[in-house]
Structures are given as C-alpha cells and as structure tokens.
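# Structural overview for review
Listed here are the chains, written in short residue letters.
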Amino acid sequence: MSHSTMTPTQATETTTQRLFGQFLPLTLLLALVVGGCNSKSPSTTTKAEEATSEESKEEANELLSSALNMLEQGTDPQSLPTAIRQLNQFVARDREAIEKLDKESEATLTRILGEQAVAIATRPTFDEIDADYLRTCLFLHSAARTTASNEEPPLTRAQQLFDWVVRNVEIVPPNFQVEAPPLPLAVRGSGNSHERSWLFLELLRQAGLQGCMVALPMPNNPEALYPWLCGVIIEEKIYLFEPALGVPVPTKKGSVATLDELAKDPSLVEFFPKASGLSYFVTKEQLKGFSLLLIIEPQMVAPRMKFLESRLVGRNRPILYTKPETFFRAASTALRKIPDHQSVRLWTYPQLLRSRFLADPQYRDTVVASSNRKWLGENESARLLQLRGDHQDAIKKLVAMDLQKSATPKSIHLATLAMPIAPLERQLLVSQTPVDVLYFCGVSQLGKRNSDPEIATSFFDRAMTFYRSPLLEPRDVLNWGLLAVRLSFASKEQQPGVPLRVWNLLPEADRQLIQGIADEYQPIVDRAREDTAGAIRDAMNFQISGDKQRRIIEALNKILKKRDFYDPAKMPNTPFSPRIAALLGRDPESLTEEEIERRNRILFDTAFGNEIVPDRRHRLASLLRHQALAAHAEGDSSKAYELLETNSVDLLPLQHGSLKALSEWWKLKEKGAGVEPDENEAAKPTKEGESKPTEKGASKPKEEPAKRGGPKPVEKDAAKDATKPAAESKSKS
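### Thoughts on the pattern of salt bridges
- Evaluated as defined, the whole model comprises 29 salt bridges.
- The salt bridge partner of Glu99 is Lys306, with a shortest N-O separation of 3.0 Å. Highlighted residues: Glu99 in the loop between α4 (80–92) and α5 (103–113) and Lys306 in helix α13 (residues 303–310), separated in sequence by 207 residues.
- Overall, Glu99 belongs to the partly exposed group, its relative accessible area being 48%.
- With a shortest N-O distance of 3.4 Å, Lys284 and Glu270 are connected by a salt bridge.

What follows is the structure in structure tokens.
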C-alpha cells in the first residue's frame, strides 16, 4: 500500500494549524474560500471597497474555521450549538449562493424519504443533526484519507477501509451493548454487524467510493428484507464483504467475490460456516431475490451542504453532498446484471439511529457511558489520534502515560473519584485504560510509516498479561480498607448477595484478619466524611502489609475456584452482564475449571466494582488479531495462525468465529497465490495490518461473526436486539 498520504499533519508549524488543528487535520491544511460576498467587478471597485470586501471575506473565513474547529475537537454533542450558530452566520452572508434543489433530486428524495425529508433538505439553516453529520464527515474523511491512498485501485482501497473498520471495531453480538453512530462507535471500539456496516459505508463515501447493503428476503416473509452483506460498487460490479465475520466474501481462488459470482455459485456462502465453526444463518438455498439498500439522509442531499462543500478546497475537503439519483442510478445499473434481483431501496437504520442519538438525552448518555470517557473527553486523545492515522503523536501520548504511570488502575480510580459518573462507568475507565494504553500503542506502531512489528509485539505482549487468569493479584485491589469494610458490613447486615456469600465462605482466621483491617480503616473513613484533607488523603492511600495482602488474595482465589460459589437463592437481584449469562445457564459440572473461575470473577466484579479492578476481557479479540498481524509482519506465520485459532474461553462465540474466519481467508488467499500457509513469507501485512496483495486489488480480511440469527432489524428500535435476522422494512424505492 502506498504511504504517500499516511501523515495527516505535515506542516505542523503553520498559523492555521496552531489555531484550528485541535482534532482532525482538515482545518490544518484546508484553504477556506468564501465566494459571492457581493464583490464588484475590478473596473468599478475602489480600494476602500476592496479592503472592505477582503475584510468581510476574512470574517467569513474565521466564522467557518471556528465552526469546523469546534466540530473537529471532540465527540460531545454539547459543543454543537455554538458551531451551529457560527455556520448559520457564515451562510447568512451569502445565502443567495445556495442553489435550490433541482426537480430530479426533489422527486427522488420525495419518493424515497417523503415530503418531510424534502423540507429538511431544502432548509437554508443548519441544525443539530446537520452539525453531527458534519462532524462525522470530517472525522471519517480524515480516517479514510490516511488509511486508503487514492493512488491504489478502488477495490484495494475498499479492502483497506474494511480492514480499518474490523481492526478498530471489535465484533460483539446483538444486544450486547447500546448501538452507537459511527464516530462514538469508532472511539468505543466495539459494535455489532449493523454498526460496522454503517461505519464502512460512510468511510467508502468519504473515499469517493459507493457502498450499499445487500439484502435478502426474510424466509417467512418475502416482503420484508434483512441486510446481510456490505457491497462496494465498482464499474457496475458489486464486491462483497461480510461485516459480521469481518472477511470479504471469497471466491474459490481467494479473491473478493462479486454479487454476480455469488448469484451464479451459491456454494460460495458455505465458506462462512466452515471457516468460522458457527451455525451460519444464510444457506445457499436462500440466495435469491437480492435487493440493495442505500444510505440516503436529508443532510447528504441538502443544497446547503453542497454550498458548504464548495467553500472548502484542497485534498482534505470532505464529501458533504451527494446527488441521490446518482446513487440510485449506479446501484440500479449494477443490480440489473444480477439474476433474480428485486429492487434498490433505502436503508433506514442510519437515519433512525442518528436521530435518536441526538433527540434522546438518556440514550445519548448511555452511548457515551459505554465508551472509555478518557478517549471521548480529551480533544487530542491518543485514541482519536490513532483513529485518524496520526500514529506518531498517538505513540508519544501513550508512551508518556505508560512511563508516568498515569494509566494504572489506582491512578485512574483516584482521578475519576471527583467525576460525576456512575460506578459502572468508573469501572470501565479503571479496567480498560491500562489495556488501552498498551494496545493502542502497539496498533500505532504497526500503523505508522516506518512500522516496527517487534516493538508492536512487545506492547501487545504486555497488554496480554492482563488476560493471563481470572484469579486475583494484589495489584487488582484498588483499596484494601474499602474492601475490608465492604465485607465486614455484609457480615453485619446479613443482606443476601455476593459480598455475604464471600464472607460466609472465608475461613475464620481470614475473617478476623479482614475485620481487623476494617476496624482500622473505618475511623479514617469517618474523618474523611468531614472533608478533612488529610483524612481523605489517608483514606485513598491506605495500605496493608504484603503478607496480609497475600493472605487475603489467597483466600479470595480459593473462593473463585469454587464450583458451587454461585447460588441463585443466596444472590437475589444480582445484575448479570451478557458475558456471564451463558455460563450461569449451564450445569456447573459441565464447566471447565477456567470457566468456573471466569464465572465467579465476573460475579466478583459485579459486587466489588469500587474495591477490585474489574476483569479485563475487552479488546481481547482485537488484541489477538493485531498480535497475528505483527507475527505475520515479522515472518512468523505459524504463530499468527496459532493466535487466530485460539480456543480461549474469554472470547465470545462470535469473536472466535471471526478470528477463525480470518485465518481461513488468509489460507485461501495464500493457496490462490501458490503459497503454502506455513511459509514465512505468507501474506505479510504491509501497513497497519494490510496483507500483501496476491493480485491487483487484493488485500486482507477482517472480523465479525454471523451466528444465531445474524443481523438485526433496521427499522426496529435502535436499542432493541434480535437473535434472529430481522426484517428491513420495505422502503419506498
């Protein structure tokens, strides 16, 4: 892959960059052009009038730059009102320059979205949804530009963007967490197949490519559709990518299949269950009646967006405007070549989810709380830098955090005590940040211009130490005094739950030890309640001897190993996460020792979130994927396949399937290229995980399983989930 565009901030010392380069590189290098400011012809314009005109243009430039800068600086919707006001002030200076919606576009928009959408599109002013749309375009354009070079063939670029999505958004099953729009989704780093698909299609648009969803009729309701594959339309062919398993749809020669090839050879779909080991929800008998679903939002076709895009010039200009009939015409032309096709329709999911994200404060807060706020709350956070391809600056920040020990569980816990956040969100910050710092550092090492796989591997190996065992270590206890007080309180109150269950299983000698620590710590807590600075400091820094730490950890780990620890009658009203539901539903005798320890540790995390660092299982699938990429880059493909084919109980079935599918996709490509899978030179990645192309336009795969029911419904409430393929409502065509 070419690296000519991989450094987004080359002229970092310019005045424009210092003023407007807080989040994305667009305003760093962008030449802002304001036209139509009532300028007169040179022959009749006086020097005073010219000076006034130039001053007016400069003021307009400042308004637009300030608005874009605010949109670029973060993901918090609270910053949108000021940006909206400045955008409207900018547009008001030259409102006559905004073209009216032409009749063809108006007719298309009315047919697919309705008259209300036409009213939104033709409105001359910007609103909150516009601002969120602009923010997403700015971010994704930066990510697309630094990931896929325009010098590459279109299919290669599409594969690079698909790889970016799968690497940065770990697959989770439906209903695992609240759904998020593309920008907060990318920062969070985990999502379902629909979320991944929306992000991929938006990246394609910013790269100048057209994407779509390939949908099939529901088996029991042919009038309803469910989205299945992502398609990329290139020269009237539709190339296919599986967003759940995270790999392209492969031909038998190891290239990316087109929809025409899949329609002519339905057996290609059999790759997915064989490669992933999952019960795949689409069979070859179902491969008929294909439809295409397109993303069309009123903002995409609004004349005000066309006007705004025309005022931005240079290679960093995002794509804000699209003619709807152009999208539909290209999709219809490609679909007509497919046997037994149906129609081109609207994919309603993105518009519904974006609208809800902005209109429902509770839903929006839930989305924000599902992410690590450290990466959302900082304008130039390492995660945002890494996502946009500014890897060197990301590494500097991450290494500084690592060396300064500012990302240890205790330091994060202490730093968040004053933050007005829920306990579960604090747990997320405490448990994820130490792993994120090491993981993102490795990812950026692989992604930078002169990547060093060996250094990347060292960071990944350190991150993997957090996944060694569900058993406790002394470093996992955030506050020994608080833990002792919590257990002591449970023994006195006799309230059924995990703490009382733990207390009752402790040997008498260990109970006495813990009670003694609680008696010592309680007076400090009482003084701290009086806001005495010294007492608060003592409460935070309370420690016990290493011998006492080892005794308590040993006693708690014995409990973690108990097969009969979980007793529903003794733990009523205990909230359970999706990760533990499957383990609780099985006969304890059927669980392995590791599964018992994992089940019990999750119960501990639920009960002792403020006293013990929650078990870190997030990003494990992505971590294994990047370890495999680094191993390939170092020439050790046997290690890479071993990592991808792991049977860790810490992975969800979907994540297992995605890693195995990636392994099989690599092998298929190597076979097609005449390379044995065991050879050291097999499919070495070239940049941030891209595999060495085996033919022009070929790259490497990605992740996400399609098990038990596959994609979820688009027109359903965005917070709801489905375990079976859900129908896409039959939209106007």
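Structure shown, so let's carry the discussion forward.
### Quick notes on the nonpolar core
- Phe200, Trp228, Phe241, Leu259 and Ile296 are the most contacted members of the largest nonpolar core, which totals 161 residues.
- Beyond its immediate sequence surroundings of up to four residues, Ile296 is in contact with Leu109, Ile112, Leu113, Val301, Pro324, Phe327, Phe328, Leu346 and Gln351.
- Judged by nonpolar contacts, the second largest core, of 40 residues, contains Val525, Ile553, Phe565 and Leu603.

### Observations regarding helix α14 (residues 324–335)
- Its 12 residues give α14 an end-to-end C-alpha distance of 17 Å, which sits within 8% of 16 Å, the value for a rise of 1.5 Å per residue.
- Inspection of α14 places Pro324, Glu325, Phe327, Phe328, Ala331, Ala334 and Leu335 among the buried residues, and these make up the whole buried set.

### Structural notes on the packing of helix α31 (residues 637–644) against helix α32 (residues 653–672)
- It is at 8 Å that the axes of α31 and α32 come closest, and there the two elements cross at 145 degrees. Only Leu659, Lys660, Leu662, Ser663, Trp666, Lys667 and Glu670 of α32 make contact with α31, whose side of the interface consists of Ala640, Tyr641 and Leu644.
- Classifying every residue of the contact of α31 with α32 by side-chain character gives 6 nonpolar, 1 polar and 3 charged.

### Section: the packing of aromatic side chains
- For the structure shown, the criterion picks out 16 aromatic pairs.
- Grouping aromatic residues by their ring pairs yields a cluster made of Tyr226, Phe271, Phe272, Tyr280 and Phe281.
- Residue placement shows Arg356 over the ring face of Tyr363; its charged tip is 4.1 Å from the ring centre.

### A closer look at helix α10 (residues 193–206)
- A rise of 1.5 Å per residue sets the reference length of α10, with its 14 residues, at 20 Å; its end C-alpha atoms lie 20 Å apart and thus fit the reference within 8%.
- Across the 14 residues of α10, 14 count as buried, placing the element largely inside the fold.
- Structurally, the start of α10 carries an N-cap: the backbone nitrogen of His194 is 3.0 Å from a side-chain oxygen of Asn192.
- Where α10 terminates, the next one or two residues include Gly208, which has phi positive at roughly 80 degrees.

### Some thoughts on the environment of Arg145
- Structurally, the position occupied by Arg145 is in helix α7 (residues 128–147).
- We classify Arg145 as buried; its relative accessible area is 9%.
- As a C-alpha pair, Arg145 and Leu161 span 16 residues in sequence and 9.7 Å in three-dimensional space.

### Examining the environment of His626
- Tracing the backbone through its elements, the reader meets His626 in helix α30 (residues 620–633).
- Once you skip the residues sitting within four places of it in the chain, His626 turns out to touch Arg167, Tyr439, Val443, Leu446 and Phe460.

### Some details on the state of the cysteines
- With the rule as written, the count across this model stands at 0 disulfides.
- Distance from the sulfur of Cys212, which forms no disulfide, to the nearest cysteine sulfur (Cys230) is 8.5 Å.
- Judged by its relative accessible area of 0%, Cys212 is buried.
- Exposure remark for Cys230: the relative accessible area of 0% places this residue in the buried category.

### Quick notes on the packing of α10 against helix α15 (residues 349–359)
- Their axes nearest at 11 Å, the elements α10 and α15 cross at an angle of 100 degrees. By the angle between their axes, α10 is roughly perpendicular relative to α15. Counting all contacts with α10, which are made through His194, Glu195, Trp198 and Glu202, the residues of α15 involved are Tyr349, Pro350, Leu353 and Arg354.
- In terms of residue class, the contact of α10 with α15 is built from 4 nonpolar, 1 polar and 3 charged.

### Considerations on unusual backbone geometry
- One non-glycine residue, Glu235, lies in positive phi territory at about 50 degrees.
- Relative to the elements of secondary structure, Glu235 occurs in the loop between β5 (221–234) and β6 (237–242).
- Non-glycine residue Glu236 carries a positive phi angle of around 65 degrees.
- On the secondary structure map, Glu236 appears in the loop between β5 and β6.

### Section: the environment of Leu623
- As for its position among the elements, Leu623 is in helix α30.
- Linking Leu623 and Val443, residues 180 residues apart in sequence, is a C-alpha distance of 9.0 Å.
- Contacts of Leu623, omitting those with residues within four sequence positions, involve Tyr439, Phe460, Ala463, Met464 and Tyr467.

### Some details on the confidence of the model for the protein chain
- The pLDDT averaged across the protein chain works out to 79; a share of 78% of its residues lies at or above 70.
- The secondary-structure element of the protein chain with the lowest mean pLDDT is helix α1 (residues 15–20), recorded at 27, while β6 shows the highest, at 97.
- Across residues 1–43, confidence stays below pLDDT 50; counting only partners more than four residues off in sequence or on other chains, it has 120 contacts.
- For residues 677–733, every residue scores under 50 in pLDDT, and the model assigns this stretch 233 contacts once sequence neighbours within four places are set aside.

How each quantity is defined
- Starting from 1, residues in each chain are numbered consecutively following that chain's sequence as written.
- Per-residue local features of the predicted model are confined to residues with pLDDT of at least 70, and side-chain atom pairs are confined, for both listing and counting, to 80 or more; whole-chain, interface and lining totals are unaffected and use all residues.
- Neither water nor hydrogens contribute to the side-chain values; these are computed over all heavy atoms in the structure.
- Here a salt bridge means any side-chain nitrogen of Lys or Arg lying within 4 Å of a carboxyl oxygen belonging to Asp or Glu.
- Per the convention used, a helix needs a DSSP run of H or I reaching at least four residues, while a strand needs a run of E reaching at least two, with both numbered from the N terminus.
- Exposure categories follow from relative accessible area, calculated using a 1.4 Å probe and restricted to protein chains: below 20% of the type maximum is buried, above 50% is exposed, and the middle band is partly exposed.
- Residues grouped as a nonpolar core are buried Ala, Val, Leu, Ile, Met, Phe, Trp, Tyr and Cys residues, joined through side-chain atoms within 4.5 Å.
- Working rule for contacts: check all heavy atoms of both residues, and any pair within 4.5 Å makes them a contact.
- Residue count minus one, scaled by 1.5 Å, sets the expected span of a helix.
- Each axis is a line fitted through C-alpha atoms, taken for helices only over the stretch in contact, and angles between the N-to-C directions span 0 to 180 degrees.
- Residues were grouped as follows: Ala, Val, Leu, Ile, Met, Phe, Trp, Tyr, Cys and Pro as nonpolar; Asp, Glu, Lys and Arg as charged; and all remaining residues, including Gly, as polar.
- When the centres of two rings from Phe, Tyr and Trp lie within 6.5 Å, Trp using its six-membered ring, the rings pair. Their planes under 30 degrees apart give stacked, over 60 give edge-to-face, and anything left gives tilted.
- Here, a charge over a ring is recorded when the distance from Lys NZ or Arg CZ to the ring centre is within 6 Å and its angle to the ring normal is within 35 degrees.
- Side-chain atoms alone can form a polar contact between residues adjacent in sequence; in general such a contact is a pair of N or O atoms within 3.5 Å, and within protein one must be able to donate a hydrogen while the other accepts it.
- The disulfide criterion used throughout: a pair of cysteine sulfur atoms within 2.5 Å.
- Any angle between 65 and 115 degrees counts as roughly perpendicular, while under 35 counts as roughly parallel, over 145 as roughly antiparallel, and the rest as oblique.
- As a per-residue measure, pLDDT tells how confident the predictor is, with possible values from 0 to 100.

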